[in-house]
Amino acid sequence: MTIQEIARMAQVSSAAVSRYLNHGSLSQEKRERIRAVIEETDYRPSEYARALRTKRSRQIGVVVPQIDSESIPRILAGISQELDRKNYHFLLMNSSGSMEKEVRMLASFAGSQVDGLILAASRITAGHREQIRKMPFPVVLVGQQTDICSCVYHNDYQAAQESMRHLLNTGVRHPAYLGVTRRDPAAGEARFRGAKAALAEGGFSMEKIPQMQVDFTAASGYQGMKKLLAAGERPDGVFCASDLIAAGAMACLRDWGRQVPEEVRVTGIGHGTVADLLNPRLTTVHYHYKTSGREAARMLLELMENPRIPRKEKQLTVRLVVQESA
C-alpha cells in the first residue's frame, strides 16, 4: 500500500495524505476520510522512506553505565514515556561502568543515523568531552551537571546534607560514611561535600569519622561495613551513598548482631524499590529519576527541533523520606 493508493481511495491528493501522516494542517473532512482508509487497510508508513524524506530516523541513542542499577530503569522509563508521545524510539547501549567503553559507544553513535543522544554517565572524562563536541546532533546528559552540553541532574549535595543531618538529629554520636569514588562528581564528590557540611554543623569532622569507599552494589556495601566492623569501629549511625549500599550495610550489621535502628541507624539515597522492601524500611532521600528521564528527553527533542537554542540546565529537587531505619 502506497500514499498514492491511500489518496485515491480517500479521494484526496497525495499531498493531503502526506500532511496527515506528518501531523500537518488539514481540513477535518479530509482528515476523517484518510483516517478511515488507513484503519480499513491497516496501513503502516515506511519508517525508512520517511527517514530518507525528512532526514530523520526518529531514533535516539541512549548510553547508560549500569543497566541493573536502582536508578537507570526509572530513568529509561521516563525517557521512553516522553519519546513515545512524539513517536520516537531509542537504541540502548550499556557500558557496564567502563569509561573507555562509554567513549567508544559515543563514537559509534556519532557515525549512526540517530537524531540525538541521551547520556547517563557517572563521569565526564576528556574522552567524553571530545566525543560530545564532535557529535553531529544534540546531546543531553542526565544525572550530572556539565558545561559541555545540556543536562538534567539532582541536588546531590542537598541530599547528602539532609541525610547526614537527619542521622545527627536523631542522636547519632559516632557516625560512619560509606561513599563511592569522588571521581564521580555527583554521587561521589557532591554527596561527600554535603555529608561533610552536615557533620561540620554538628561539630564533627569528616576526616575523623570512619569511612569506606565502596561500589554501587549491596555486596560492596556489605563488604565495606564488614571492614569497618572488623577494624573495631562501633558506629551508631551509617550514612550510605545509595540504597543498595545501605541494603548491604544493614545485612552485614544483622550478621554481626547489631540491631537497626536500636543500635545503629542507617540512611540511603535514591528511594528505589529496595528501600521499601527492607526490614526495617530504609530512611532515604527521594530522587525523581523517572522525571529526570522525561526532562532529558523533552530537552533533547526541543534541541533537535531548534539546534540554535542555548544550552540548558535543570536541577531537580530531592526530598528526605523518613522511615524505620533511622
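Residues numbered from 1 in each chain as written. Predicted model: local features only at pLDDT ≥ 70, side-chain atom pairs only at ≥ 80, totals over all residues. Heavy atoms only, no water.

**Some remarks on the overall build of the chain**
Reasoning step 1: Of the regular secondary structure elements, the chain holds 13 helices and 12 strands.
Reasoning step 2: Expressed along its principal axes, the backbone C-alpha trace of the chain runs to roughly 85 × 40 × 30 Å.
Reasoning step 3: Taken across its 326 residues, the chain has 50% of its residues classed as buried.
Reasoning step 4: Sequence separation of at least 24 residues holds for 69% of the intrachain contacts in the chain that already meet a minimum separation of 6. (Helix = DSSP H or I, 4+ residues; strand = E, 2+ residues; numbered from the N terminus. Buried < 20%, exposed > 50% of the residue type's maximum accessible area, 1.4 Å probe, protein only. Contact = heavy atoms within 4.5 Å.)

**Quick word on the nonpolar core**
Reasoning step 1: In this structure, I118, M225 and V266 are the most contacted members of the largest nonpolar core, which totals 69 residues.
Reasoning step 2: Ignoring any residue separated from it by four or fewer positions in sequence, one finds V266 in contact with L167, V238, C240, A246, M250, L253, V260, L282, T283, S325 and A326.
Reasoning step 3: Judged by nonpolar contacts, the second largest core, of 17 residues, contains V63, M105, L119 and Y153. (Core = buried A, V, L, I, M, F, W, Y, C linked by side-chain atoms within 4.5 Å.)

**Some thoughts on the sheet that holds strand β11 (residues 313–316)**
Reasoning step 1: Across the sheet, which stays open at both edges, the six strands sit in the order β2-β1-β3-β4-β5-β11 with parallel pairing between neighbours. Here the strands that pair on one side only, and so sit at the sheet edges, are β2 (89–94) and β11. Averaged over all pairs of adjacent strands, the angle between their axes in this sheet comes to 15 degrees, without regard to strand direction.
Reasoning step 2: In the sheet, strand β1 (residues 59–64) pairs with strand β3 (residues 116–119) via four bridges, with the strands oriented parallel. Among the inter-strand pairings, I60 is bridged to a residue of β3, identified as G116.
Reasoning step 3: Against the sheet, helix α6 (residues 99–110) engages β1, β2 and β3, with an angle of about 175 degrees to β1. (Pairing = 2+ DSSP bridges. Axes fitted to C-alpha atoms, helices over the stretch in contact; angles between N-to-C directions.)

**Thoughts on the packing of aromatic side chains**
Reasoning step 1: Inspection of every chain in the model, using the stated rule, returns three aromatic pairs.
Reasoning step 2: Where Y177 meets F192, the ring centres are 5.9 Å apart and the plane angle is 90 degrees; that geometry is what we call edge-to-face. One end of the pair, Y177, is in strand β6 (residues 175–179); the other, F192, is in helix α9 (residues 185–201), and 15 residues separate them in sequence.
Reasoning step 3: For Y177, a relative accessible area of 3% gives the class buried.
Reasoning step 4: Residue F192 is classed as buried on the basis of its relative accessible area, which comes to 9%.
Reasoning step 5: Relative to F239, the ring of Y177 lies with its centre 5.1 Å away and its plane at 5 degrees, an arrangement referred to as stacked. A residue pair is termed long-range when its members are at least 10 positions apart, and Y177 in strand β6 and F239 in strand β8 (residues 237–240) qualify at 62 residues. Taken individually, Y177 and F239 each receive the classification buried, so the pair is uniform in this respect.
Reasoning step 6: The side chain of R58 reaches across the aromatic face of Y88, ending 4.2 Å from its centre.
Reasoning step 7: Lying over the aromatic face of F192, R182 brings its terminal NZ or CZ to 3.8 Å of the ring centre. (Phe/Tyr/Trp six-rings, centres within 6.5 Å; stacked < 30°, edge-to-face > 60°. Lys NZ or Arg CZ within 6 Å of the ring centre and 35° of its normal.)

**Topic: the side chain of D115**
Reasoning step 1: Relative to the elements of secondary structure, D115 occurs in the loop between α6 and β3.
Reasoning step 2: D115 gets classed as buried once you look at its relative accessible area, which sits at 10%.
Reasoning step 3: Reaching out from D115, the side chain makes a polar contact with the backbone nitrogen of R58 at a distance of 2.7 Å. (Polar contact = N/O pair within 3.5 Å; in protein donor to acceptor, adjacent residues only side chain to side chain.)

**Quick look at helix α8 (residues 156–169)**
Reasoning step 1: Between the first and last C-alpha of α8 there are 20 Å, a value that for 14 residues agrees with the 20 Å anticipated at 1.5 Å per step.
Reasoning step 2: Along α8, the positions that sit buried rather than exposed are D156, A159, A160, Q161, S163, M164, H166, L167 and L168. (Expected span 1.5 Å × (residues − 1).)

**With respect to the packing of α6 against helix α7 (residues 126–134)**
Reasoning step 1: Where α6 contacts α7, the two axes come as close as 9 Å, and the packing angle between them is 5 degrees. Taken together, the axis directions place α6 and α7 in an arrangement best described as roughly parallel. On the side of α6, the interface is formed by M99, E102, V103, L106 and A107, while α7 contributes G127, H128, Q131 and I132.
Reasoning step 2: Within the contact of α6 with α7, the residues separate by chemical class into five nonpolar, three polar and one charged. (Parallel < 35°, antiparallel > 145°, perpendicular 65-115°, else oblique. Nonpolar A, V, L, I, M, F, W, Y, C, P; charged D, E, K, R; others polar.)

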